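Coordinate analysis (summary)
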Amino acid sequence: MKRNALQQCFCRTAIFLLLGCMTGCSSQNSASEGTLSSEDTLVTEVAPVSESVSGIPAINENFEGDSHLAIPRGDTVLEIIPDGVNNSNALKISNRTDSWNGVNFEADAFRGNSIKVNAAIKSAGPATRISIQYDVDGNTTYNWIVSVATGSDSFITANGAYDVPGNAENIIIYIEGDTLDDIFLDNFTAEIDGTYIAPDAIAAPASVDISAYPSLKNLYEDYFHMGVAINPAIVSNENFSSLVCSQFDSITLENNLKPESIIDKEATLADLDANRSQLVLDFTTAKAELDWAASQGMTIRGHTLIWHSQTPNWIFYKDYDINGELADRTLMLTRMENYIKDVFAWADTNYPGLFSAWDIVNEAIADNGGLRDSLWRQTIGDDYIEQAFAFARKYAPADIELFYNDYNSYQGLKQGYIIEVLEPIAAAGNLDGVGMQGHISTSVKPELFIKALEKYANQLNVVIHVTELDIVMPNTPAAEYDQGAYHQNLFSTFIEAKKAGIPLESVSFWGLTDTLSWKSNDKPLLFRGDLSAKPAFYGVTYAITGESLEAPSLPEADLSPIEEDFEGSSHLAVPRGDASLKVVTDESQNGEHSLLIYNRKENWNGGMIDITNFKGHTITFSAYVKTASPTAKISANIDGVWPNLVVNDTSSGDWVLFEGTYLVPDDVIAIELYFETEDTTDIYVDNITIKLADES
Ligand code: XIL
């Protein structure tokens with residue numbers, strides 16, 4: 001079964017189930033989706049989002065009482081059990097057969113509003129999420145609201161916020177997790193954040209006139225292809241599709257050529273013996289987009305064949321049964337070979353010449369280096385990447401370029417591992433290009449990105465595509481302008497690189513509008529939901545024309561000292577990486593409270609304080625730190641360069657005073673100071689002071 005199709009159909013069925021229960025549908029209907037267990041623990045009573053007395057929508061579900069808002073997502077079994085927070089009831093979510101299986105909460109009433117969500121979550125799986133799904137113009141998007149590091153046997157609090165678009169439909173908030181472990185949920189709340197905007201006050205977004213926009217593909221024709229990721233909503237809407245045609249000459253299907261979209265479970269299982277080593281494929285969901293691309297003379301980057309994500313787990317099992325044994329190397333190699341062969345054969349038969357490149361392997365290197373421990377690796381072994389490229393070379397038409405594609409591939413450490421893995425593949429003649437995903441923030445220095453790009457090209461002798469470009473809108477007073485200026489800077493750097501002979505062939509954005517983006521909260525794209533062009537779009541065009549974006553006039557930066565002793569009710573520190581932060585009373589250098597930084601998974605995980613206001617000024621800073629680690633550091637967060645500003649011996653186990661001065665660079669958009677250690681030990685911090693040096 002295909003994920004998108006399934007989720008879509010599930011979403012509709014869940015709502016049907018909900019209405020069905022109210023209109024007395026037969027239990028057969030509900031049994032076909034999500035199995036429910038014994039009578040007294042059944043979660044069958046579902047109701048729409050509850051309203052608080054004031055008429056403002058809210059979900060408040062603690063799994064006490066008789067009726068519950070939870071709806072099974074996928075094949076899950078939902079049960080109320082007595083092991084909740086403080087011995088109350090909790091929801092147990094079991095029988096998860098795919099990572100997106102979990103529990104749904106119907107959330108249409110939040111349309112057009114900012115919401116905050118909160119839940120207590122427990123799971124043996126390492127990462128559990130509160131996510132949101134909705135349709136915009138018939139296209140379903142799935143976004144994370146918050147991901148928490150679970151994996152222990154205690155409940156972890158998840159807090160997140162989300163802006164639900166005003167044109168979203170079929171809105172579902174759901175809980176999911178990376179692995180198939182059971183998930184336990186308690187005290188789930190979703191409420192309006194700020195002022196409630198009632199449905200009749202939410203205007204449907206109109207599309208603006210796009211005819212006068214300069215064309216990126218024309219402006220950049222001497223340099224590289226301009227690409228964009230599309231989805232079915234784009235091709236079925238004339239405003240969207242004409243914008244794509246006028247701006248871009250290369251497209252990527254955002255989801256519909258991924259393994260979960262094209263592997264047909266039902267057809268594969270229909271004849272297990274015949275299909276044991278060959279998955280049955282069905283490209284129906286990709287057809288509308290491919291037909292449209294072909295009719296518009298576009299070229300396509302195929303995305304993606306071998307990946308750990310959006311790939312059904314059952315394909316890795318001997319009998320396609322996740323309760324059975326994993327398939328062995330020989331069987332998995334045959335399945336892989338057939339899969340790659342069949343995808344290329346289908347594409348070549350149905351759309352000859354349409355594809356110019358394919359991401360053969362996606363995201364195979366772990367964030368901390370080494371190979372990601374995917375099911376491909378577990379079943380085939382460490383050479384699975386090499387094998388995939390060899391099969392791809394064997395079956396791909398000669399004019400299709402074979403790519404390895406990854407995120408954070410500009411970061412030195414990860415780049416080292418990627419090159420190490422790709423070198424033998426390039427030497428064997430099976431690699432044509434590296435796709436550097438561009439899910440970045442404005443703190444990534446363009447020069448650093450280009451340096452990495454050049455290194456791939458030189459060391460592997462391949463071409464480069466910048467893929468999946470979406471640059472998080474910074475959290476600064478002139479956010480849109482800063483994002484635009486960053487785009488201008490980045491694209492100027494791309495142009496210079498190209499002029500210097502670096503083989504950058506193509507740059508693709510990961511979506512058309514902020515509203516359609518998989519990270520819509522981050523507003524990372526060139527156009528708003530109504531197709532109006534953002535400064536980001538003009539930044540890209542001005543990199544060619546040499547014009548300048550108009551800087552908004554802003555109030556002077558606040559240069560008043562930062563004093564944080566963790567005694568008040570609101571605090572300035574934010575987590576870095578997976579770390580969690582909490583104000584505690586068991587330790588304090590002064591007063592009653594201090595900040596505890598815990599749940600650190602990497603040495604760079606910690607707690608950060610924003611110092612962007614001090615850009616261009618010298619500051620002095622001081623803080624007390626206590627940790628069981630032998631040393632601790634205060635560092636500055638400029639992505640790609642993380643200077644350690646002060647490193648102190650903390651082996652005494654007592655509070656240690658950290659002090660320093662720092663000239664905060666002017667050429668960054670946002671910058672933070674952060675606390676870290678050489679390991680993942682907890683850190684206590686108290687009495688942070690940051691002020692202009694000349695004030696001291
Ligand atoms: C994302 C899509 O944008 C989402 O719609 C989907 O729910 C998850 O995948 N790296 C990749 C892309 O290679 O395929 C991912 O796309 C984003 C991260």
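Residues numbered from 1 in each chain as written. Predicted model: local features only at pLDDT ≥ 70, side-chain atom pairs only at ≥ 80, totals over all residues. Heavy atoms only, no water.

**Side note on the pattern of salt bridges**
Two side chains that carry opposite charge are able to pair once their charged atoms sit near each other. Counted under the stated rule, the structure contains 20 salt bridges. Between Asp163 and Lys523 there is a salt bridge, with its nearest N and O atoms 3.8 Å apart. Of this pair, Asp163 sits in strand β9 (residues 156-163) while Lys523 sits in the loop between β19 (504-509) and α16 (535-545), and the two are 360 residues apart along the sequence. Between Lys287 and Asp291 there is a salt bridge; the shortest N-O distance is 2.8 Å. Separated by four residues within a single helix, Lys287 and Asp291 lie in helix α9 (residues 284-295), roughly one turn from each other. You can call Lys287 partly exposed: its relative accessible area is 44%. (Salt bridge = Lys/Arg side-chain N within 4 Å of Asp/Glu carboxyl O. Helix = DSSP H or I, 4+ residues; strand = E, 2+ residues; numbered from the N terminus. Buried < 20%, exposed > 50% of the residue type's maximum accessible area, 1.4 Å probe, protein only.)

**Things to note about the sheet that holds strand β29 (residues 672-677)**
The sheet built from five strands is open, its strands ordered β21-β24-β29-β26-β27 with antiparallel pairing. A single partner strand is all that each edge strand has here, and the edge strands are β21 (574-576) and β27 (644-649). Averaged over all neighbouring strand pairs, the angle between strand axes comes to 25 degrees, with direction disregarded. (Pairing = 2+ DSSP bridges. Axes fitted to C-alpha atoms, helices over the stretch in contact; angles between N-to-C directions.)

**Some details on the environment of Asn590**
Relative to the helices and strands, Asn590 resides in the loop between β22 (580-584) and β23 (594-598). Looking at Asn590, the relative accessible area reads 46%, which means it is partly exposed. When the C-alpha positions of Asn590 and Glu567 are compared, they lie 9.3 Å apart, and in sequence the two are 23 residues distant. With sequence-adjacent residues up to four places away left out, Asn590 is seen in contact with Glu567, Asp686 and Asn687. (Contact = heavy atoms within 4.5 Å.)

**Brief notes about the nonpolar core**
With 149 residues, the main nonpolar core has Ile130, Ile173, Phe491 and Phe494 as its most contacted residues. With nine residues, the top contributor of residues to this core is helix α10 (residues 329-350). Within the second largest apolar cluster, 31 residues are counted, among which are Ala623, Val646, Phe658 and Val685. (Core = buried A, V, L, I, M, F, W, Y, C linked by side-chain atoms within 4.5 Å.)

**So, the environment of Glu176**
Relative to the helices and strands, Glu176 is located in strand β10 (residues 169-177). For the pair Glu176 and Ala119, spaced 57 residues apart in the sequence, the C-alpha separation amounts to 13 Å. Residue contacts for Glu176: discarding those within four places in its chain leaves Arg96, Ser99, Trp100, Asn101, Thr128, Arg129, Ser131, Trp144 and Ile183. A polar atom in the side chain of Glu176 sits 2.7 Å from the side chain of Ser131. (Polar contact = N/O pair within 3.5 Å; in protein donor to acceptor, adjacent residues only side chain to side chain.)

**Side note on the packing of helix α15 (residues 479-499) against α16**
Two elements in contact, α15 and α16, have axes whose closest approach is 7 Å; the angle formed by their N-to-C orientations is 30 degrees. In terms of orientation, α15 lies roughly parallel with respect to α16. For the crossing formed where α15 meets α16, the hand is right-handed. Contacts from Glu480, Tyr481, Gln483, Gly484, His487, Gln488, Phe491, Ser492 and Ile495 in α15 reach Pro535, Ala536, Gly539, Val540, Tyr542, Ala543 and Ile544 in α16. (Parallel < 35°, antiparallel > 145°, perpendicular 65-115°, else oblique. Left-handed = near helix turned anticlockwise from the far one by under 90°.)

**Re the packing of α10 against helix α12 (residues 384-395)**
Orientation of α10 relative to α12, taken along the N-to-C sense of each, is 35 degrees, at an axis distance of 9 Å. Pair α10 / α12 crosses with right-handed handedness. In contact with Arg329, Leu333, Met336, Glu337, Ile340, Lys341 and Phe344 of α10, α12 contributes Tyr384, Gln387, Ala388, Phe391, Ala392, Lys394 and Tyr395. Its residues assigned to classes, the contact of α10 with α12 comprises nine nonpolar, one polar and four charged. (Nonpolar A, V, L, I, M, F, W, Y, C, P; charged D, E, K, R; others polar.)

**Digging into the site of the ligand**
Near the ligand, the surroundings consist of 15 residues, among which Glu254, Lys258, His303, Glu363 and Glu468 are the closest. Between the ligand and Gln310, the relevant distance is 2.9 Å, taken from an oxygen atom to a side-chain nitrogen or oxygen of the residue. Take Asn362: an N or O atom from its side chain is 2.9 Å from an oxygen atom of the ligand. When the ligand is considered free in solution it has 420 Å² of accessible area, and contact with the protein chains removes 91% of it. (Near = heavy atom within 4 Å. Areas by Shrake-Rupley, 256 points an atom, 1.4 Å probe, with all protein chains shown as cover.)

**Overview of unusual backbone geometry**
Cis peptide bonds are those with omega within 30 degrees of zero, and the linkage from His303 to Thr304 qualifies with 0 degrees. Phi is positive for Asn86, which is not a glycine, with a value near 55 degrees. Even without being a glycine, Asn599 presents a positive backbone phi close to 65 degrees. For Asn599, the location among the structural elements is in the loop between β23 and β24 (606-610).

**A closer look at the side chain of Thr299**
Among the structural elements, Thr299 can be located in strand β14 (residues 299-306). Accessibility expressed as a relative area gives 19% for Thr299, which makes it buried. Setting aside residues no more than four positions away along its own chain, Thr299 makes contact with Asp249, Ser250, Ile251, Leu354 and Ser356.

**Topic: the sheet that holds strand β13 (residues 250-253)**
If you walk around this closed barrel you meet the eight strands as β12-β13-β14-β15-β16-β17-β18-β19, and the pairing is parallel. Recorded for the sheet is a direction-independent mean angle of 30 degrees between the axes of neighbouring strands. Note: strand β12 (residues 225-230) against β19, four bridges, orientation parallel. Looking at β19, one finds that Gly227 is bridged to Ser508. Sitting on the sheet, helix α14 (residues 446-460) is in contact with β17 (433-441), β18 (463-472) and β19, with an inclination near 170 degrees to β17.

**So, α10**
Look at α10: 31 Å from first C-alpha to last across 22 residues, which is about the 32 Å you get at 1.5 Å a residue. Among all positions of α10, only Leu331, Met332, Leu333, Arg335, Met336, Glu337, Asn338, Tyr339, Ile340, Val343, Phe344 and Ala347 are buried. Packed against the buried residues of α10 are α6 (259-262), β14, β15 (355-362), α11 (375-380), α12 and β16 (401-406). (Expected span 1.5 Å × (residues − 1).)

**Observations concerning the packing of aromatic side chains**
One pass over the full model with this rule turns up 22 aromatic pairs. For the pair Tyr220 and Phe491, a centre-to-centre distance of 5.7 Å together with 75 degrees between the ring planes defines the contact as edge-to-face. Here Phe491 lies in helix α15 and Tyr220 lies in the loop between α3 (216-219) and β12, a separation of 271 residues in the sequence. An identical accessibility class is assigned to Tyr220 and Phe491; each is buried. (Phe/Tyr/Trp six-rings, centres within 6.5 Å; stacked < 30°, edge-to-face > 60°.)

**Considering helix α5 (residues 238-247)**
Listed in full, the buried residues belonging to α5 are Phe240, Ser241, Leu243, Val244, Cys245 and Gln247. In this structure, the buried side of α5 is in contact with α3, β12, α4 (232-235), β13, α9 and α16. The backbone nitrogen of Asn239 has a side-chain oxygen 2.8 Å away, supplied by the residue at the start of α5, namely Asn237.

**Let's talk about the pairing of strand β5 (residues 102-106)**
The element β5 is largely enclosed, with a buried count of five among its five residues. Across three bridges, the pairing between strand β2 (residues 71-73) and β5 is antiparallel. Counted as the bridge partner of Pro72 is Val103 from β5. Examined bridge by bridge, β5 and β10 share four bridges and lie antiparallel to one another. From the neighbouring strand, Val103 faces β10, where its bridge partner is Ile175.

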